[in-house]
Amino acid sequence: MTGAVALAPAAIRGSTQILGVIGDPIAHSASPAIHNAALAHLGLDYVYVPYHVKPAGVSSLGPAIRSLGIRGLNVTVPHKTGVMAIVDDLSEAARQIGAVNTIIHQDGHLTGDNTDAYGIAASLREDGGLSHLPSHVVLLGAGGAARAVLHAVLQDEGVEHVTVQNRTMDRATALAQELGQGRATACALGDTTSIEQAGLLINCSSVGLAPEVDVSPVGDGAGLHQDMVVVDIVYKPLRTRLLQQAEAVGARTVDGLGMLVHQAARAFELWTGQRAPVDIMRQALLASVY
Ligand code: ATR
């Protein structure tokens, strides 16, 4: 492809349907760039806009979406759990994860879905080359992102055991018990024994996120080995300290762009019914973030 990716729809008409993203803050969001590029590429009569919604505004969102005829919304920090109360039903993934990142509006009916789990699964498959996951997985972090990733990983029945490592042990224990299906346990962040045994390690903590780019969630990288895939869902910077450590021992690495692009692609498909142009979305993300 030559030239820049178009970041806005060609025209907004009387017939144009509205998509958007809510969050607080929202100005940093890459989602408008990703989705508008995809809409423009396919020539679809939609526009995707950012909405800065404060926590106090969440309770009145349902009537607003219906009366304004908004077709769909993405939901980001800090509203992913708050919007669960304003939708009419939840997808199985959203219910189990306990968070909504996508609202689909159909004739007054609001469905809350969670495409983050789809996003990591698609990235592991397409970016990591993992059609089946290894039997032993280490997951770093126990926040909202970790919940979606643990849910996704456990969908693969070949995964026998997930070790959840977190700075705050109580959160790791709670996550492993709540979502672990008897296949997850908790341990301290950086535990080398579980890393040595793992075929897949996924960082879901925010350690390594800019501007703290010199730190790794696994310290000096002890336990990392060449027979594993290492994924970092932090996407700024793209080559985090953790991924550099993994590369140095010969492990395969996957950066955080894929999860972000694939969760967006899934939401796009739920709203528009069209196959998402994933490569265009990836280019738009790269152009808007780096
Ligand atoms: P998100 O929804 O993006 O997952 P979050 O719920 O705030 O965000 O979770 C952030 C994760 O990064 C948590 O697992 C957090 O560890 P704690 O549960 O101990 O807070 C982890 N994290 C953030 N800063 C960290 C740091 N400096 N060292 C280790 N872990 C850190």
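Rules of the game
Residues numbered from 1 in each chain as written. Predicted model: local features only at pLDDT ≥ 70, side-chain atom pairs only at ≥ 80, totals over all residues. Heavy atoms only, no water. Pairing = 2+ DSSP bridges. Helix = DSSP H or I, 4+ residues; strand = E, 2+ residues; numbered from the N terminus. Axes fitted to C-alpha atoms, helices over the stretch in contact; angles between N-to-C directions. Contact = heavy atoms within 4.5 Å. Core = buried A, V, L, I, M, F, W, Y, C linked by side-chain atoms within 4.5 Å. Buried < 20%, exposed > 50% of the residue type's maximum accessible area, 1.4 Å probe, protein only. 1 Å grid on protein atoms, 1.4 Å probe; cavity = no way out; pocket = protein on both sides within 12 Å on 5 of 7 lines; lining within 4 Å. Points joined across faces, edges and corners; volume = space filled by probe spheres on them. Nonpolar A, V, L, I, M, F, W, Y, C, P; charged D, E, K, R; others polar. Parallel < 35°, antiparallel > 145°, perpendicular 65-115°, else oblique. Left-handed = near helix turned anticlockwise from the far one by under 90°. Disulfide = S-S within 2.5 Å.

K.L.:
Is there a simple way to explain the sheet that holds strand β11 (residues 229-232) in this structure?
P.N.:
Strand pairing within a sheet occurs via backbone hydrogen bonds; the two strands may be parallel or antiparallel. Within the open sheet, the six strands sit side by side as β9-β8-β7-β10-β11-β12. Their pairing is parallel. In this open sheet, the two edge strands, each paired with only one partner strand, are β9 (184-188) and β12 (252-254). The mean angle between the axes of side-by-side strands here comes to 20°, regardless of whether they run parallel or antiparallel. Both strand β8 (residues 161-166) and β9 contribute to a ladder of five bridges, which runs parallel. The residue of β9 that forms the bridge with V164 is A186. Against the sheet, helix α5 (residues 144-154) touches β7 (136-140), β8 and β10 (200-203), its axis set at about 170° to β7. Those strands touched by helix α6 (residues 169-179) are β8 and β9, and its axis lies near 175° from that of β9.

K.L.:
What's the story with the nonpolar core in this structure? I'm lost.
P.N.:
It is characteristic of soluble globular proteins that their nonpolar side chains tend to be buried jointly. Within the largest apolar cluster, 34 residues are counted, with the highest numbers of intra-cluster contacts made by I120, V162, L200 and I202. Listing elements by their share of this core, those giving two or more residues are α3 (92-97), α4 (116-126), β7, α5, β8, α6, β10 and β11. If one sorts the elements of this core by residue count, α5 sits on top with seven residues. Membership of the second largest hydrophobic core comes to 23 residues, among which are I104, L260, V261 and A276.

K.L.:
Could you clarify how one ought to interpret the layout of surface pockets in this entry?
P.N.:
To locate leftover empty space, one rolls a probe as large as a water molecule over the atoms. The computed volume of the largest pocket comes to approximately 1,600 Å³. Of all the secondary-structure elements, those providing two or more residues to the lining of the largest pocket are α1 (31-42), β3 (72-75), α5, α9 (257-272) and α10 (278-289). Of all the elements, α5 adds the most residues to the lining of the largest pocket, at four residues. Taken together, the residues of the lining of the largest pocket break down into 23 nonpolar, 20 polar and seven charged.

K.L.:
When you look at the packing of α4 against α5 in this model, what are you seeing that I'm missing?
P.N.:
Describing two packed helices takes the angle between their axes plus the distance from one axis to the other. At a minimum axis separation of 8 Å, α4 and α5 run at an interaxial angle of 55°. Taken as axis vectors, α4 and α5 run oblique relative to one another. Relative to α5, α4 is oriented so that their crossing is right-handed. Residue-level inspection shows D116, A117 and I120 of α4 in contact with α5, the latter providing A148, V149, H151 and A152. The residue inventory of the contact of α4 with α5, partitioned by class, reads five nonpolar, one polar and one charged.

K.L.:
Any chance you could explain the state of the cysteines here in plain terms?
P.N.:
Structurally, a disulfide amounts to a covalent bond that connects the sulfur atoms of two cysteines. Throughout the structure, instances matching the rule amount to zero disulfides. With no disulfide of its own, C187 lies closest to C204 among cysteine sulfurs, the gap being 14 Å. Residue C204 is classed as buried on the basis of its relative accessible area of 8%.

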